[in-house]
Amino acid sequence: MTPDLMDAGAERVARHIAFEQALHTESGGRAAGYGRHLTPGEVDVTHGRILYLEDVSVSFDGFKAINKLSLDIAPGELRCIIGPNGAGKTTMMDIITGKTRPDEGSVYFGSTIDLLRHKEAEIAQLGIGRKFQKPTVFEHLTVFENLELALATDKGVKSSMLFKLDSAQCDRLAEVLHTIHLEGSVLRMAGNLSHGQKQWLEIGMLLMQDPKLLLLDEPVAGMTDEETARTAELFLSLKGKHSLMVVEHDMSFIRTISEIVTVLCDGSVLAQGTLDEVQADERVIEVYLGR
Ligand SMILES: Nc1ncnc2c1ncn2[C@@H]1O[C@H](COP(=O)(O)OP(=O)(O)OP(=O)(O)O)[C@@H](O)[C@H]1O
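Named according to an unreviewed UniProt entry, the chain is Urea ABC transporter ATP-binding protein UrtD originating from Variovorax ureilyticus.

1. Some words on the overall build of the chain
When you go through the chain residue by residue, the secondary structure sums to eleven helices and ten strands. For the chain, the residues scored as buried account for 47% of the 291 residues in total. Residue pairs in contact within the chain that sit at least 24 positions apart in sequence constitute 64% of those at least 6 positions apart. Summing over all exposed atoms, the chain offers an accessible surface of approximately 15,000 Å²; the carbon and sulfur share of this is 54%.

2. A few points about the site of the ligand
Neighbouring the ligand are the residues Phe60, Phe63, Ala65, Pro84, Asn85, Gly86, Ala87, Gly88, Lys89, Thr90, Thr91 and His249. Within the backbone of alanine 87, one N or O atom sits 3.1 Å away from an oxygen atom of the ligand. Between the ligand and lysine 89, the relevant distance is 2.8 Å, taken from an oxygen atom to a side-chain nitrogen or oxygen of the residue. Here the ligand has 640 Å² of accessible area as a free molecule, and 60% of this is covered by the chains.

3. A short note on the pairing of strand β1 (residues 51-60)
Pairing analysis gives seven bridges linking β1 to strand β2 (residues 63-73), with the strands arranged antiparallel. Directly across from leucine 53, in β2, lies its bridge partner leucine 71. The pairing of β1 with strand β4 (residues 104-109) spans five bridges and is antiparallel. If you follow leucine 51 over to β4, its bridge partner there is phenylalanine 109.

Calculation rules
- Residues numbered from 1 in each chain as written.
- Predicted model: local features only at pLDDT ≥ 70, side-chain atom pairs only at ≥ 80, totals over all residues.
- Heavy atoms only, no water.
- Helix = DSSP H or I, 4+ residues; strand = E, 2+ residues; numbered from the N terminus.
- Buried < 20%, exposed > 50% of the residue type's maximum accessible area, 1.4 Å probe, protein only.
- Contact = heavy atoms within 4.5 Å.
- Areas by Shrake-Rupley, 256 points an atom, 1.4 Å probe, with all protein chains shown as cover.
- Near = heavy atom within 4 Å.
- Polar contact = N/O pair within 3.5 Å; in protein donor to acceptor, adjacent residues only side chain to side chain.
- Pairing = 2+ DSSP bridges.

Spelled out as structure tokens, the structure:
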């Protein structure tokens, strides 16, 4: 074999090895995962984004509820979303969690997981937890049992009753109880908790699954001032370990927890910045704060 042919052969082999390595990344060879092996279940945040929406639109009976919405969130960030009634905040969360399919656009979890290819249950399993406005705990079970149930993968009544925690899960449960300030209420019936405590319990149930991203819809609605202050502390303690997207109308709560605030209006981003910046923005005053 001539030296030229040997060089060409070596180049081909090197290209083939690089191609094979790229194929065995979680991204299936997409540039984001190239050269870095992700463990199964890991979300690729090497591009500094845990959630990425681009040009997302959805219409209901011809009405554009979400209109070319683009937005991204960094890992560990606590992002607040505000906006007038009907701005599209809930619909945006419905799209992220797979409840509503957009007509167009992209929605990525990390740089490689295309959420539009997944069903609602799969998206929860991938590590996106959602808390709706109204608490939905099991009222006739204790705080402990609610948290325990949150770990049971098969939620059938019989198999849930037979579900037993292993020692790592017991540790996790103790840690979550501490985080949500319910250590002193482990054996209380969830139905006897205050509204705020029920909300924390539901957040605890989500935390049992150790979600990477938490979506929280109006978490302090109906809470007392003291409960609201405790919830702010809770969210600040979760920031960094989890990424959070919080939709809320309570501006003093937003002021306590926020770094970046995104203002939605008519289904797209109207403004983004610190709360002071967006509150000083004429367009925001016009469409939202001025109302
Ligand atoms: N399934 C649906 N069918 C028809 N219209 C819908 C549907 N879901 C949402 N909409 C409309 O889309 C718009 C956005 O609603 P959405 O609930 O997302 O707003 P929001 O910002 O969460 O409002 P709020 O602050 O009042 O909760 C509203 O005009 C709403 O009526």
